[in-house]
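In case you want the letters, here they are:
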Amino acid sequence: MLREAENVVFVEGILSEVDLTERSFAKDGKNTDAISGTIKVLVETEKGTSEIPFNLFATKYTSKGGLNPAYESIKNVKDNFQSAAACGSKEDADRVRISKGQIRMNPYFNNAGKLVNQTRLSASFISKVTKNFTPKADFSLEFFVSNISPAIDKDGVEISPRRLNVTAIVPGYGGRVEEVPLVATSPNVVNALEKYWEVGKTYKANGRLNFTSEVKEVIEEVDFGEPIKKRFTSFVNELIITGGSQAPVDEEFAFSLEDIRTAMNERKARLEEQKNKPKKTSPAPAGQTSFGKGMDLGF
């Protein structure tokens, strides 16, 4: 079985929103208490402003019957942390730190039957920051590279300045794999990846989270009368590579192609099963096309 890859998200910022609910669900014929929901953390740095969403979930008790520390941590956020949305001011909101979050993906089929791979972040432990507050939104990731390709626009033309899309296969708990989209935007990083990285190898990379939104206004002309103004919000959720290993991980610790292929086939089977279930309405972010430095890895 594939070992679990290094997958760590570190975020320090202002608690902007809290939406957590205590609930119960049936498991093995018994009611199981849990807490779940989302929080958002506002991160303001010299690189810009991001609002980072985290999905939180924990059962009240562990499998051994003891109180779950993750449940206690999340409930503490619900009961005792002050968000900017609740108090009406980011200056009065709590500063928080998440040091062991993880990148998770949420693959689903939209109404057109197209597979959408949505980036999600998860966390179990959140703490208040009372001193040495240093806003950041970083990640550290280990992965098997299945594709490296230039970023293109909707017409298939390569974007300028050049960017690279990297498809990272990230093994998680129980040997399951996530297909995580990464992007390189810095000219130095783009040049290094093109020169040194190879598809089919295992690498480590550091990066930053870029979760932003922008409200745009479009003027729609009409045959007569005043034009119609329409506003819409565009979202950018990017995992930007800022550095990493030049050489691949030693073969002894690298993820083998055979194991990755097996895990990806299992993932494909799960997705096919999901596709054949009754359709549910889901948000549909724009798809992404890639080409370039890749190879047929059998998945």
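Everything here concerns the structure above.
Residues numbered from 1 in each chain as written. Predicted model: local features only at pLDDT ≥ 70, side-chain atom pairs only at ≥ 80, totals over all residues. Heavy atoms only, no water.

Engineer: Looking at this model, I keep getting lost on the pairing of strand 8 (residues 164-171). Mind explaining?
Structural biologist: One face of the sheet, then the other: side chains in a regular strand alternate in exactly this way. Counting buried residues in strand 8 gives 7 out of 8 residues, a clear majority hidden from the surface. Across 6 bridges, strand 7 (residues 136-150) lies against strand 8 in antiparallel orientation. By the bridge assignment for strand 8, Val 145 is matched with Ala 168. Turn length for the strand 8-strand 9 (residues 177-184) hairpin, with the two strands adjacent in sequence and antiparallel, is 5 residues, and the turn residue Gly 174 shows positive phi of about 75°. (Buried < 20%, exposed > 50% of the residue type's maximum accessible area, 1.4 Å probe, protein only. Helix = DSSP H or I, 4+ residues; strand = E, 2+ residues; numbered from the N terminus. Pairing = 2+ DSSP bridges.)

Engineer: Where do I start with the side chain of Thr 202 in this structure?
Structural biologist: Topologically, Thr 202 is positioned in strand 10 (residues 202-220). A polar side-chain atom of Thr 202 sits 3.0 Å from the main-chain amide nitrogen of Phe 255. Apart from the residues lying within four places of it in its own chain, the contact partners of Thr 202 are Glu 142, Phe 143, Phe 144, Pro 248, Val 249, Ala 254 and Phe 255. (Polar contact = N/O pair within 3.5 Å; in protein donor to acceptor, adjacent residues only side chain to side chain. Contact = heavy atoms within 4.5 Å.)

Engineer: When you look at helix 4 (residues 257-275) in this model, what are you seeing that I'm missing?
Structural biologist: Working note: α-helix, 3.6 residues per turn, so residues spaced by three or four point in the same direction. Taking 1.5 Å as the rise per residue, helix 4 with 19 residues should run 27 Å; its terminal C-alpha atoms sit 26 Å apart, in good agreement. Restricting attention to buried positions, one finds in helix 4 the residues Ile 260, Ala 263, Met 264, Arg 267 and Leu 271. Around the axis of helix 4, the buried residues are gathered within 100° of arc, so they sit on the same side. For helix 4, the exposed residues lying more than 90 degrees away from the buried face are Glu 258 and Glu 273. Residues of helix 4 that are buried make contact with strand 4 (95-109), strand 5 (115-123), strand 7, strand 8 and strand 9. (Expected span 1.5 Å × (residues − 1). Arc of directions from axis to C-beta.)

Engineer: Sorry, what's going on with the nonpolar core here?
Structural biologist: Within the largest apolar cluster, 57 residues are counted, with the highest numbers of intra-cluster contacts made by Ile 39, Phe 54, Phe 143, Leu 182, Trp 197 and Leu 209. At 7 residues, the largest contribution of residues to this core is made by strand 7. (Core = buried A, V, L, I, M, F, W, Y, C linked by side-chain atoms within 4.5 Å.)

By themselves these figures say nothing about function.
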